[in-house]
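Observations on the three-dimensional arrangement
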Amino acid sequence: MRKLALEDEILMRVEKPARYIGNEINMVKKNPEEVEIRFCMCFPDVYEIGMSHLGIQILYDMFNQWEDVYCERVYSPWPDLDKIMRERGIPLFALESQEPVRDFDFLGITIQYEMCYTNLLQILDLSGIPLHAAERTWQEPIVIGGGPCTYNPEPIAEFFDVFYIGEGETAYRELLDAYKQSRKQGESRLEFLKRAAGIEGLYVPQLYDITYHEDGTIASMEPNCIEAPEKVKKQVVTDLSDTYYPSHPLVPYLRATQDRVVLEIQRGCIRGCRFCQAGMIYRPIRPRSLEFLKKQAVDMIENTGYEEITLSSLSSSDYEQLPELVYFLIEECRERKLNISLPSLRIDAFSLDVMSKVQDVRKSSLTFAPEAGSQRMRDVINKGLTEEIILKGAWEAFQGGWNRVKLYFMLGLPGEAEEDIEAIASLANQIAATYFELPKEERHGRPEVTASTSFFVPKPFTPFQWSPMNTAEQFEDKRRFLRGKVKEQINQRSIRYICHDAVTSELEGIFARGDRRLSTVIEKAYRKGCIFDAWTDWFQPEVWESLLEECGVDKEFYNYREREEEEIFPWDFIDIGVSKAFMRREYERAQAGQVTPNCRAQCSGCGAAVFGTGVCRNR
């Protein structure tokens, strides 16, 4: 292998040279000649975002604990360096060794959101790896994808050798051992892929054939060899207090998006929000032990020098030992003069005592997610919050010393009417009004209430996977309507309204529930120069719109129609433990406006109770 460290002259021409030089605090260094497997872990977005991803930190730590493996990293070069690399023929290289990605045994790409799909091709292309898996030989690495988007990998299936479905701590060791055995025996690449398909949780797209009905829906998806299973079973870590977690996480030399210690307190969620894919695919809930978390927190703070620690979970309030953990962290942070961030807290469970103690450490804004403005819509999405609970939570927050509150809502939810949208503005106004109920001497300036709306995208493995999605025009109309209603509110000077992009959401919807036929439009968009589509400055909507038409991608088919109850979805070959029958029941309950109790209040028989762990810990 040859090193490809960028020359100083090139580094001086790019915006942030620190993205490409490696040597961060806690970076692992091994002699590549002394390991059997070289694994390059990739996040297909800019360095600052990729360095904030906890999953890569965990896998990086896990792989590098194995003596026979050296795990390195690569991120998407920003367009300034991308241009230079193409002009000078510089292949993409890993940060640790500065050696070409193409020379590694594995390239593992985590896929967090649909709008990074063209960046996947940027990574492959700059590495000199054929875009199509079927064209690769042993001269290129095995390209493996993981992360949330692999729960419908079909739009990008042509570009990957293997997809890892589920949590990464379970099956990788078996895969790497199979790879060593396969290479030792001189097997072909296809023979190895068949070996991989026999490992639970691994999906090899080349080993499946798909047929379609005349209306474009899927007729069948069948394995074309005996090694490939009909269903690929999601991988689940059963005991999160006896698994890998980095005590020496990587610390970048420039500010990352998550510039703090991240302490994952549990996985899974008991709430059952019908729009939330993560809440379904990560079931059942699995907490880490309090002692494990205390030790990890102290170790990571001491080994990084960070000034803030955040608790990571889909619903932090549902961690049953949250008070004990927070009080422990408060003492640690007060002594070390650190800040504590408590995201994903439910308003109805937020303790005034905890709030006041955290506030003593350092002020920060509070983030709440009502998701919908009206009670009717909160029942439809099974949010489980009443207006009384929301306003009580806001009151307690203001009493605790906060004056900045962020509120997250969605527009375009199934069955939404104008009065539901107007209710968003009304609720934001009521929250701002709550602040002025405080005595003047207890106020800290004016309240700052930020109401942020994203556009609803139906996702696989949610009850709304059958639901139609709004058009970009409908989204824009709703945004304008809501902005006007916010301006009518009495407390409008205290309310700031921001909203996501409608065209991006529409494209996200196509890829979220799309099939293998979409790979053509993704590849053509990349060839037309589309990369960093999640970034407003780089997104080229006119190129995408033209290519969707050229490739015959029917938005009505992918986005705007309600799907038939018995329709075969592109992701139906994946077994996440939560049954399709349960999802359908929840969809019908949503249409009827019926609320389903959370898992601790009552088991709804979703299937996760007997999946992976063998028992649901909520029962």
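Everything here concerns the structure above.
The written sequence of each chain sets the order in which its residues are numbered from 1. This being a predicted model, a pLDDT of at least 70 is required before a residue's local features are given, and a value of 80 or more before pairs of side-chain atoms are given or counted; all residues contribute to the totals for chains, interfaces and linings. Where side-chain values are given, they derive from all heavy atoms of the structure, hydrogens and water being excluded.

1. Here's the deal with the pairing of strand β8 (residues 218–223)
Rules: Whether two strands pair comes down to DSSP finding at least two bridges between them. Under the scheme used here, helices are H or I runs from DSSP no shorter than 4 residues and strands are E runs no shorter than 2 residues, and both carry numbers assigned from the N terminus.
Direction of pairing for strand β7 (residues 208–212) relative to β8: antiparallel, over a ladder of five bridges. The residue of β8 that forms the bridge with Tyr208 is Pro223.

2. A few points about unusual backbone geometry
To be explicit about the condition: Each residue gets one of three labels from its accessible area relative to the maximum for its type: buried under 20%, exposed over 50%, partly exposed in between, using a 1.4 Å probe on protein chains only.
Between Arg283 and Pro284 the backbone carries a cis peptide bond, its omega angle lying at -5°. Note on placement: Pro284 falls in the loop between α8 (277–281) and β12 (286–287). Even without being glycine, Asn26 reaches a positive phi, approximately 75°. You can see Asn26 is positioned in the loop between α1 (8–11) and β1 (37–43). Assessed through its relative accessible area of 23%, Asn26 is described here as partly exposed. In the Ramachandran plot, Gln98 falls in the positive-phi region, its phi being about 60° despite a non-glycine side chain. Considering the arrangement of structural elements, one finds Gln98 in the loop between α4 (79–88) and β3 (106–110). Its relative accessible area of 10% is what places Gln98 among the buried residues.

3. Structural notes on the pattern of salt bridges
Where we set the bar: In the sections that follow, a salt bridge refers to a side-chain nitrogen of Lys or Arg positioned within 4 Å of a carboxyl oxygen of Asp or Glu.
As enumerated under the stated definition, the model contains 54 salt bridges in all. Ionic pairing is found between Arg73 and Glu24, a salt bridge with its closest N-O pair at 2.7 Å. Placement of the pair is Arg73 in strand β2 (residues 69–75) and Glu24 in the loop between α1 and β1, with a sequence separation of 49 residues. In this structure, the salt-bridge partner of Arg336 is Glu302, at a minimum N-O distance of 3.4 Å.

4. Concerning the sheet that holds strand β5 (residues 162–164)
Condition: Whether two residues touch is decided by their heavy atoms; if any such pair falls within 4.5 Å, the residues are in contact. To define axes, lines are fitted to C-alpha atoms, for helices over the stretch in contact only, and angles between the resulting N-to-C directions are given on a 0 to 180 degree scale.
In spatial order, the strands read β2-β1-β3-β4-β5-β6; together these six strands make up an open sheet with mixed pairing. This sheet does not close on itself; its edge strands, each paired only once, are β2 and β6 (202–203). Judged from the four bridges that link them, β1 and β3 form a sheet pairing that is parallel. Bridging from a neighbouring strand, Cys42 pairs with Ile109 of β3. Relative to the sheet, helix α5 (residues 117–127) contacts β1, β2, β3 and β4 (142–146), its axis offset from that of β3 by approximately 160°.

5. Details of helix α7 (residues 189–197)
Operational definition: In this description, one arc is meant: the one made by directions from the helix axis to the C-beta atoms.
All buried positions along α7 are accounted for by Arg189, Phe192, Leu193, Ala196 and Ala197. Down the axis of α7, the buried side of the element spans an arc of 145°, and every buried residue falls inside it. On its buried face, α7 sits against β3, β4, β5, α6 (172–184) and β6.

6. Examining empty space enclosed by the protein
Let me state the cut-off plainly: Definitions used throughout: a 1 Å grid over protein atoms alone; a cavity as a set of points that fits a 1.4 Å probe which cannot get out; a pocket as an open set with protein on both sides within 12 Å along at least five of seven lines; a lining residue as one with an atom within 4 Å of a point. Grid points are joined across faces, edges and corners, and a volume is the space filled by probe spheres set on the points. Ten residue types, Ala, Val, Leu, Ile, Met, Phe, Trp, Tyr, Cys and Pro, are classed as nonpolar, four, Asp, Glu, Lys and Arg, as charged, and the remainder, Gly among them, as polar.
Inspection of the entire model under this criterion finds six cavities of 30 Å³ or more. One number sums up the size of the largest cavity: a volume of about 130 Å³. What lines the largest cavity is a set of 14 residues, among which Met51, Gln57, Pro249, Arg260 and Val262 lie closest to the centre. Breaking the lining of the largest cavity down by element, the ones donating at least two residues are α3 (54–65) and β10 (261–264). Its residues assigned to classes, the lining of the largest cavity comprises nine nonpolar, four polar and one charged.

7. With respect to the sheet that holds strand β17 (residues 448–455)
Ordered in space as β15-β16-β17-β18, the four strands form an open sheet in which the pairing is parallel. Every interior strand has two partners, whereas the edge strands, β15 (366–371) and β18 (495–499), have only one. This sheet shows a mean twist of 20° between the axes of neighbouring strands, independent of strand direction. When β15 meets strand β16 (residues 404–411), the two strands line up parallel, connected through four bridges. By the bridge assignment, Phe368 is partnered in β16 with Leu407. Helix α15 (residues 472–487) contacts β16, β17 and β18 of the sheet and is inclined by roughly 175° relative to β18.

8. Digging into the packing of aromatic side chains
Stated formally: Each pair of aromatic rings taken from Phe, Tyr and Trp, with Trp reduced to its six-membered ring, is defined by centres within 6.5 Å and is described as stacked if the planes are under 30 degrees apart, edge-to-face if over 60, and tilted in the remaining cases. As a reminder, the over-ring test applies to NZ of lysine and CZ of arginine, requiring each to be within 6 Å of the ring centre and within 35 degrees of the ring normal.
In the structure shown here, the tally under the stated rule is 36 aromatic pairs. A cation sits over an aromatic face here: Arg517 above Tyr212, 3.8 Å from the ring centre.

9. Some details on the side chain of Glu332
The line we're drawing: Throughout this description, a polar contact denotes any pair of N or O atoms lying within 3.5 Å of each other; where both atoms belong to protein, one of them has to be capable of donating a hydrogen while the other can accept it, and for residues adjacent in sequence the pair is counted only when both atoms sit in side chains.
Along the chain, the position of Glu332 falls in helix α10 (residues 322–336). A distance of 3.0 Å separates polar atoms of two side chains, one belonging to Glu332 and the other to Arg336.

10. Describing a negative patch on the surface
The test is simple: Patch rule: a residue counts if its relative accessible area is over 30% and it has no salt bridge; like charges are joined within 9 Å, and nonpolar side chains (Val, Leu, Ile, Met, Phe, Trp, Tyr) within 5 Å. Accessibility throughout is a Shrake-Rupley quantity obtained with a 1.4 Å probe, and a residue counts as covered only by protein chains that appear here. Working convention for charge: Lys and Arg count positive, Asp and Glu count negative, and His plus the chain ends are omitted. Here the site of a charge means NZ on Lys, CZ on Arg, CG on Asp, or CD on Glu.
On the surface, Glu214, Asp215, Glu562, Glu564, Glu565 and Glu566 cluster together to form a negatively charged patch. For Asp215, the location among the structural elements is in the loop between β7 and β8.

11. Some points on the packing of helix α16 (residues 502–512) against helix α18 (residues 541–550)
How two helices sit against one another is set out by the angle between their axes and by the gap between those axes. Short version of the rule: Convention used here: angles under 35 degrees read as roughly parallel, angles over 145 as roughly antiparallel, angles from 65 to 115 as roughly perpendicular, and any remaining angle as oblique. Crossing handedness: left-handed means the near helix sits turned counterclockwise from the far one by under a right angle, and right-handed means the same turn made clockwise.
Two elements in contact, α16 and α18, have axes whose closest approach is 11 Å; the angle formed by their N-to-C orientations is 40°. The orientation of α16 relative to α18 falls into the category oblique. Seen along the crossing, α16 lies across α18 with a hand that is left-handed. In contact with Val503, Leu507, Ile510 and Phe511 of α16, α18 contributes Pro541, Trp544 and Leu548. Its residues assigned to classes, the contact of α16 with α18 comprises seven nonpolar, no polar and no charged.

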